[in-house]
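Listed below are the residues making up each chain.
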Amino acid sequence: MLLDPNRYDPAHFDPETRRLLRATIDWFEARGKQRLVRDYHEKVFYQDFLDFAAAEGLFATFLTPARDAGPNADKRWDTARIAALSEVLAFYGLNYWYPWQVTVLGLGPVWQSENAAARQRAAEALDAGGVGAFGLSEKEHGADIYASDMVLTPDGSGGYTATGGKYYIGNGNCATTVSVFGRVDGVEGPDQYVFFYADSTHPNYHVVKNVVPSQMYVAEFRLRDYPVRAEDILHTGEAAFSAALNTVNIGKFNLCFGGIGLTTHALYEAITHAHNRILYGNPVTDFPHVRRQFVDACARLTGMRLFSDRAVDYFRSANPEDRRYLLFNPITKMKVTTEAEAVLALIGDIVAAKGFEADNYLPLAKMDVNGLPKLEGTVAVNLALIGKFMPAYLFQPQAYPRVGTRTDPADDEFLFRQGPARGLGKVRFHDWREVYARHAHLPNVALFTEQANAFVELLSTAAPDAAQQGDMDFTLTLGELFTLIVYGQLILEQAEILGVDSHLVGAVFDVLVRDFSRHAVELHGKRSSTPAQQQWAVSALRKPVTDAAAFDAVWRQVLALSGAYEMKP
Ligand SMILES: Cc1cc2nc3c(=O)[nH]c(=O)nc-3n(C[C@H](O)[C@H](O)[C@H](O)COP(=O)(O)OP(=O)(O)OC[C@H]3O[C@@H](n4cnc5c(N)ncnc54)[C@H](O)[C@@H]3O)c2cc1C
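Read on for a plain summary of the structure. Predicted, not measured: the structure shown is a model, and the values here were computed from it.

## Points about the packing of aromatic side chains
Phase 1 of the analysis: One pass over the full model with this rule turns up 44 aromatic pairs.
Phase 2 of the analysis: Over the face of the ring belonging to Tyr197 we find Arg121, whose NZ or CZ atom lies 3.9 Å from the ring centre.
Phase 3 of the analysis: In this arrangement the basic side chain of Lys335 is found over the ring face of Tyr487, its NZ or CZ atom lying 5.6 Å from the centre.

## What to know about the pairing of strand β7 (residues 218-228)
Phase 1 of the analysis: Pairing between strand β3 (residues 160-170) and β7: eight bridges, direction antiparallel. Considered in β7, the bridge of Gly165 is made with Arg222.

## What to know about the site of the ligand
Phase 1 of the analysis: Among the 16 residues in the neighbourhood of the ligand, the closest are listed as Tyr98, Ser137, Ala143, Tyr168 and Thr378.
Phase 2 of the analysis: A distance of 2.9 Å separates a nitrogen atom of the ligand from a polar atom in the backbone of Phe134.
Phase 3 of the analysis: Note that an oxygen atom of the ligand is positioned 3.2 Å from one of the backbone N or O atoms of Leu136.
Phase 4 of the analysis: Across the complex, the protein chains shield 62% of the 980 Å² of accessible surface that the ligand would expose by itself.
Phase 5 of the analysis: Among the secondary structure elements, those contributing two or more residues to the shell around the ligand are α6 (94-111), β3 and α13 (379-387).

## Structural notes on the layout of surface pockets
Phase 1 of the analysis: By volume, the second largest pocket is sized at about 870 Å³.
Phase 2 of the analysis: Around the second largest pocket, the lining comprises 35 residues; the ones closest to its centre are Met1, Leu2, Leu3, Arg305 and Asp309.
Phase 3 of the analysis: Mapped by element, the contributors of at least two residues to the lining of the second largest pocket are α5 (79-91), α9 (254-276), α10 (288-316), α18 (472-498) and α21 (548-559).
Phase 4 of the analysis: Sort the elements by how many residues they give to the lining of the second largest pocket and α10 lands first, with seven residues.
Phase 5 of the analysis: Looking at the lining of the second largest pocket residue by residue, the class counts come to 21 nonpolar, six polar and eight charged.

## Concerning the side chain of Lys252
Phase 1 of the analysis: If you trace the backbone, Lys252 turns up in the loop between α8 (238-251) and α9.
Phase 2 of the analysis: Within the buried set, Lys252 has no salt-bridge partner at all; the shortest N-O distance to an opposite charge, 9.2 Å, is to Glu376.
Phase 3 of the analysis: Ignoring sequence-local partners within four residues, the contact set of Lys252 consists of Gln101, Asn329, Pro330, Thr332, Lys333, Glu376, Asn382 and Leu385.

## Topic: the side chain of Asp313
Phase 1 of the analysis: Following the sequence through the fold, Asp313 ends up in helix α10.
Phase 2 of the analysis: Note on Asp313: relative accessible area 2%, which makes it buried.
Phase 3 of the analysis: Within polar-contact distance, the side chain of Asp313 engages the side chain of Arg310 at 2.8 Å.

Reading guide: rules and limits
Residues numbered from 1 in each chain as written. Predicted model: local features only at pLDDT ≥ 70, side-chain atom pairs only at ≥ 80, totals over all residues. Heavy atoms only, no water. Phe/Tyr/Trp six-rings, centres within 6.5 Å; stacked < 30°, edge-to-face > 60°. Lys NZ or Arg CZ within 6 Å of the ring centre and 35° of its normal. Pairing = 2+ DSSP bridges. Helix = DSSP H or I, 4+ residues; strand = E, 2+ residues; numbered from the N terminus. Near = heavy atom within 4 Å. Polar contact = N/O pair within 3.5 Å; in protein donor to acceptor, adjacent residues only side chain to side chain. Areas by Shrake-Rupley, 256 points an atom, 1.4 Å probe, with all protein chains shown as cover. 1 Å grid on protein atoms, 1.4 Å probe; cavity = no way out; pocket = protein on both sides within 12 Å on 5 of 7 lines; lining within 4 Å. Points joined across faces, edges and corners; volume = space filled by probe spheres on them. Nonpolar A, V, L, I, M, F, W, Y, C, P; charged D, E, K, R; others polar. Buried < 20%, exposed > 50% of the residue type's maximum accessible area, 1.4 Å probe, protein only. Lys, Arg positive; Asp, Glu negative; His and termini not counted. Salt bridge = Lys/Arg side-chain N within 4 Å of Asp/Glu carboxyl O. Contact = heavy atoms within 4.5 Å.

If you want it as structure tokens, here you go:
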């Protein structure tokens, strides 16, 4: 299940997709590890990577939807292969994943627009090797996108001039397709919002600085009397606001695969180092705590992979009547990315000093993994979103036709017509209990199911009162507990599809049982928890079923990774 550049050939994709993914791996491997880490530490801008991507038509092929692709049959918006490329790029570092990711975001408002001229311009800009940027955030306003100081003033002839600043804008130094969010001067309410198309090469577009000390260019830019013609307008009014949120919906899906790629490379480096390091006459991997940490890391990474791959299926099968992806997506965002942090914390503990050396990949991964849970909405913002789906998911299941594996070469056009970003409480889900019941023979799945049922009971018998419901510190912990149930559901669905060995699934649920207990203890300690809630928390604690044979089986799988891959020098 892990990406191995030595053997990478995703046979489920079409020939051109496979060629481009392979070419990307080959480009990084030929360039080598020394250059990768040196450029990282010396903060060298990744122009060579952008040149490679331009020469191969990589972004143009992967990021032009079919309706704007002209006669090129290889172009489509295909979430399965977008996910694959996100993983490959992050495998070689978040600095290469990021310019791709913000191109995805920058294109979101354009592909959602009915402005055909703007879409054609973006398609041509991609063909010319250009990248995109998403100009939403501002220095003073953080997540509060209602507040914008990017002000458009009517120019008297149907257009506007835009003046204002944007902050934290990836590719803001070089993108030829910059989607900028602003407001029209003198207009109140939702009608004031606008998304428009800008180009960083225009003389009225001023790059102020890179706001991060990194290879990535995360720009502060200012527009001064930037001419916004009618043909540059992408969205107005409430549609502009929805385009912002729907773009983030599309873009944030890449973060989980970023976390998977980053963590996978780190795991290879860590196990190879630890197994070959002899202390007191024995390999470091003989220490029981080191084995436990590796098995946990492998179990967590397996869970990340299974959940994310299954989420692709729901993402690609979404339509106005099936918006289940709106729950699975923030879970890929906050849960899978925090799991990536957890894996790197485990690995970092094991390799100790090796995780700080200038020549290794591990320090890059350790340093950059922290960004993933914070971009495209923090953990708190995504947990708050997840919480909106909780009643319908737990208490009002609904039958749906089964969603199968979606790696077919389809164009995911629905993502660009998601509609208003409201009505989340109306989304219904298939019954989570069914897949848990089918796996009840696995002891740790059975234990976790007990915990999930206990959570339903908590909401029925000791539900948060009005004050607790208004206390985000309390509801976020509830959200963590709830998230685990959804997480486990899709993990089981994907494990069933792939026929993953039961030892490995058991190890994943060993972790989930402990995580549930940990969050229950957290709830117990909350300032406002009632005696009934505290009692519930204690009663929901479980010790995973210990199975030495299963542990050893998973350990052997981890050990097999020692020496399996090392980046070419
Ligand atoms: C490396 C990097 C690259 C970036 N790239 C881009 C980009 O290309 N384009 C772009 O537009 N932006 C980009 N951003 C901006 C990023 O999306 C912002 O971090 C985001 O807008 C949140 O703003 P903030 O970090 O200032 O946090 P704030 O909004 O100031 O939040 C502070 C705290 O308040 C909490 N909070 C805020 N709102 C809520 C809520 N509704 N519910 C619960 N808690 C809440 C947060 O969890 C957080 O803990 C980038 C940021 C970084 C660091």
